[in-house]
Amino acid sequence: MLGAIGNGLFFRRQPDKGALLTTRLIWLGWGVAVAGLLWTAQNPAGEPVAGLRGDALSWVMATLILFVSGIVHQFSLRYLVGDRNYRLYFMLLSTITSSALLMVLADHLGLLLAGWGISNLLLVRLMMHKTGWRAAYQSGLLALQVLFAGFFFLAVAFAILTATFGTASIHALLQADLSTVNPNALTSALLIISLAAMTQSALLPFHRWLTSSLNSPTPVSALMHAGLVNGGGFLLIRFAPLFLAQHGLLHVLFTVGVITAVVGTFWKLIQSDVKRMLACSTMGQMGFMVMQCGLGLFPAAVAHLCWHGLFKAFLFLSGGAVLQEKRRPIDERTGNLAVFLPACLGGVAGAYGFALVSEKPFLAADTTAVLIGFAFIATTQVAQTLLAGGRLRSRFVPAVGLAFVAGCLYGVSVHGVETLFRPLGISEPQPLNSLHLTALGLMGLIWLSMNLKPLAALQATRFWAYLYVAALNGSQPDPATTTPVRTTYQV
């Protein structure tokens with residue numbers, strides 16, 4: 001906020017220096033957040049002060065927000081040079097960072113709601129940065145409609161929680177004895193919170209505002225996809241102790257997450273536009289994060305949220321570099337059994353490394369098995385990439401070793417977050433049931449079809465034509481947010 005205020009008051013004729021000031025203060029704030037995170041790792045958070053409380057979740061999110069914001073500020077210094085709204089852009093960018101910090105550090109429901117609402121309003125304004133571009137205006141308007149619905153859902157849910165628990169303190173809510181509260185009111189509040197999270201994280205059927213938001217400047221897209229879209233996941237994780245007592249709601253979150261992950265990932269594969277491909281990828285990754293919440297593995301969802309945020313910021317800011325890349329046909333990307341089966345051995349090694357380092361049973365009988373299953377899929381892909389690039393005999397041992405190391409690194413990140421969040425009590429694997437096994441089997445079959453020849457053969461069928469057209473139509477942005485005629489674009 002000091003950067004935004006100083007930029008607004010003193011740098012009207014020197015916007016470049018004002019932008020540099022805000023950027024340096026963001027990095028200073030990131031250093032403070034890192035110090036706060038290290039302190040909290042050794043000293044669990046105490047009582048709230050002035051409606052704010054810095055627990056482990058707050059400091060992890062603050063560190064992520066400030067790091068991504070710092071990168072976006074640094075990138076924008078040159079990217080926005082010559083823009084007539086250069087100074088205003090940096091004022092808004094610093095202010096939206098401040099409001100996001102208020103949201104994650106809030107211990108009062110009212111402050112969390114205020115941070116949530118202000119962040120979304122500022123995001124809409126940044127989406128409309130090119131005020132003379134009608135498509136950008138329509139993108140912001142569509143986002144405003146969906147995000148306002150989420151704000152309304154959240155306000156209603158918080159009102160119910162306050163009336164049910166008799167307090168607006170988040171810390172007090174999470175420490176309360178749930179046997180003394182009205183279960184119907186609690187379930188209703190958590191269901192409405194889930195809807196708010198779905199709107200923010202663009203889960204089906206609230207996804208279209210995200211796939212229609214691509215008129216934003218590239219650094220705004222990076223901040224949106226790496227930061228504010230993750231707000232839905234943060235909301236679920238913040239109230240995780242309450243969700244863990246509602247097994248039916250966890251199943252709902254898991255189901256919605258699986259559907260969104262499958263649809264978003266499939267949509268990503270058929271896009272020809274780089275930013276639209278990244279938007280569909282974000283949609284799929286948000287589905288995977290919410291799916292982890294539905295498994296009761298909230299620390300794993302936090303680890304996924306952080307890694308996705310950093311990687312997606314990098315992808316958006318480097319998106320221009322991929323325009324010259326040549327996309328290979330699907331038959332060149334599908335493997336064969338001679339490569340795939342050895343890669344699966346690497347996947348087993350990777351999954352074992354993940355289980356070993358994260359201190360989880362390799363043959364788990366609860367929802368941890370789903371997470372280990374995805375570790376197997378991911379590390380198999382790592383091994384297959386290496387094996388497909390040369391002679392199998394000479395690359396087999398390095399591929400298995402690399403898959404094992406990748407699994408261990410993933411395990412380190414999950415175990416580290418679990419250890420840090422242990423005082424919060426937000427990790428509780430659920431009993432494995434038919435819903436989890438069906439979802440894991442379905443996603444496994446899709447993965448197999450993408451790696452072997454059946455997917456290439458499927459392309460010749462009428463069913464594939466219908467599926468492809470339906471997916472292509474479903475992933476299209478709102479027509480009002482497109483620019484079909486170049487003369488309608490005015491800067």
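Because the structure is predicted, anything quoted here is derived from the model rather than measured.

(A) Representation of the pattern of salt bridges. Inspection of the entire model under this criterion finds four salt bridges. The partner of Arg 53 in a salt bridge is Asp 55, and the shortest N-O contact between them spans 3.6 Å. As far as burial versus exposure is concerned, Arg 53 and Asp 55 are alike and both buried. A salt bridge links Asp 83 to Lys 130; its shortest N-O distance comes to 2.9 Å. Of this pair, Asp 83 sits in the loop between helix H3 (56-79) and helix H4 (86-105) while Lys 130 is found in the loop between helix H5 (109-127) and helix H6 (134-165), placing the two residues 47 residues apart along the sequence. Residues joined in a network through salt bridges with shared partners are Arg 53, Asp 55 and Arg 238.

(B) Highlighting the domain arrangement of the protein chain. Domain boundaries assigned for the protein chain yield domain 1 (1-107), domain 2 (136-321) and domain 3 (337-452). Using C-alpha coordinates to define each centre, domain 1 is positioned 36 Å away from domain 3.

(C) Expanded view of H4. Its 20 residues place the ends of H4 29 Å apart at the C-alpha level, agreeing with the 28 Å of an ideal helix rising 1.5 Å per residue. In terms of burial, H4 is largely enclosed, as 16 of its 20 residues are buried.

(D) Up close: the nonpolar core. Counting residues in hydrophobic clusters, the biggest one holds 126 residues, and the most contacted among them are Phe 158, Leu 161, Ile 193, Trp 209, Leu 235, Phe 239 and Phe 243. The residues touching Phe 243, leaving out its near neighbours within four places in the chain, are Leu 190, Ile 193, Ser 194, Leu 236, Leu 249, Leu 250, Leu 253 and Phe 298. With six residues, the next largest nonpolar core counts Val 339, Ala 343, Leu 387 and Ala 403 among its residues.

(E) Structural view of the packing of aromatic side chains. Scanning the entire structure with this criterion turns up 15 aromatic pairs. A centroid spacing of 5.9 Å and a plane angle of 90 degrees characterise the contact between Trp 27 and Trp 30, whose relative ring orientation is edge-to-face. Taken together, the positions of Trp 27 and Trp 30, both in helix H2 (residues 15-42) and three residues apart, correspond to about one turn of that helix. Judged by its relative accessible area of 28%, Trp 30 falls in the partly exposed class. Ring centres of Tyr 86 and Phe 90 lie 5.0 Å apart, and the angle between their planes is 55 degrees; on these two criteria the pair is classed as tilted. In this pair, Tyr 86 and Phe 90 both sit in helix H4, four residues apart, roughly one turn of the helix.

(F) Representation of the side chain of Asp 55. Positionally, Asp 55 belongs in the loop between H2 and H3. Side-chain polar atoms of Asp 55 contact the side chain of Ser 58, separated by 2.8 Å.

(G) Just a nonpolar patch on the surface, in detail. There is a patch of nonpolar side chains on the surface, built from Val 348, Tyr 352, Leu 356, Phe 362, Leu 363, Phe 404, Val 405 and Leu 409 and spanning about 770 Å² of accessible area. Looking at the nonpolar patch, the elements that each hand over two or more residues are helix H17 (337-357) and helix H19 (392-420). With respect to the element layout, Phe 404 can be found in helix H19. Note on Phe 404: relative accessible area 31%, which makes it partly exposed.

(H) Examining the packing of helix H18 (residues 368-387) against H19 more closely. Closest axis-to-axis distance for the H18/H19 pair is 8 Å, and the angle between their directions is 145 degrees. Between H18 and H19 lies a crossing of right-handed hand. In contact with Leu 371, Ala 375, Thr 379, Val 382, Ala 383, Leu 386 and Leu 387 of H18, H19 contributes Leu 392, Arg 395, Phe 396, Pro 398, Ala 399, Leu 402, Ala 403, Ala 406, Gly 407 and Tyr 410. Counted by class, the contact of H18 with H19 contains 14 nonpolar, two polar and one charged residues.

(I) The arrangement of the confidence of the model for the protein chain in detail. Across the protein chain, the average pLDDT comes to 89, with 95% of residues at 70 or higher. Counting contacts from residues 330-334, a segment whose pLDDT is below 50, to residues more than four positions away or on other chains yields eight contacts.

(J) Broad picture of the state of the cysteines. Applying the stated criterion across every chain, the model contains zero disulfides. Of the cysteine sulfurs around Cys 293, a residue in no disulfide, the closest is that of Cys 306, at 12 Å. Using a relative accessible area of 0% as the deciding quantity, one classes Cys 293 as buried.

(K) A look at unusual backbone geometry. Cis peptide bonds are those with omega within 30 degrees of zero, and the linkage from Leu 204 to Pro 205 qualifies with 5 degrees. Considering the arrangement of structural elements, one finds Pro 205 in the loop between helix H8 (183-200) and helix H9 (208-211). For Ala 202, which is not glycine, the phi torsion reads 60 degrees and is therefore positive. Topologically, Ala 202 is positioned in the loop between H8 and H9. We classify Ala 202 as buried; its relative accessible area is 0%.

(L) Quick look at H19. The terminal C-alpha atoms of H19 lie 41 Å apart, and with 29 residues this matches the ideal 42 Å at 1.5 Å per residue to within 8%. Among the residues making up H19, those that are buried are Ala 399, Ala 403, Gly 407, Cys 408, Gly 411, Ser 413, Val 414, His 415, Val 417 and Glu 418. On its buried side, H19 packs onto helix H15 (298-317), H17 and H18.

Basis of the calculations
- Residues numbered from 1 in each chain as written.
- Predicted model: local features only at pLDDT ≥ 70, side-chain atom pairs only at ≥ 80, totals over all residues.
- Heavy atoms only, no water.
- Salt bridge = Lys/Arg side-chain N within 4 Å of Asp/Glu carboxyl O.
- Buried < 20%, exposed > 50% of the residue type's maximum accessible area, 1.4 Å probe, protein only.
- Helix = DSSP H or I, 4+ residues; strand = E, 2+ residues; numbered from the N terminus.
- Domains from an automatic or database assignment.
- Expected span 1.5 Å × (residues − 1).
- Core = buried A, V, L, I, M, F, W, Y, C linked by side-chain atoms within 4.5 Å.
- Contact = heavy atoms within 4.5 Å.
- Phe/Tyr/Trp six-rings, centres within 6.5 Å; stacked < 30°, edge-to-face > 60°.
- Polar contact = N/O pair within 3.5 Å; in protein donor to acceptor, adjacent residues only side chain to side chain.
- Patch = residues over 30% accessible without salt bridge, like charges linked within 9 Å, V, L, I, M, F, W, Y side chains within 5 Å.
- Areas by Shrake-Rupley, 256 points an atom, 1.4 Å probe, with all protein chains shown as cover.
- Axes fitted to C-alpha atoms, helices over the stretch in contact; angles between N-to-C directions.
- Left-handed = near helix turned anticlockwise from the far one by under 90°.
- Nonpolar A, V, L, I, M, F, W, Y, C, P; charged D, E, K, R; others polar.
- pLDDT = per-residue confidence, 0-100.
- Disulfide = S-S within 2.5 Å.

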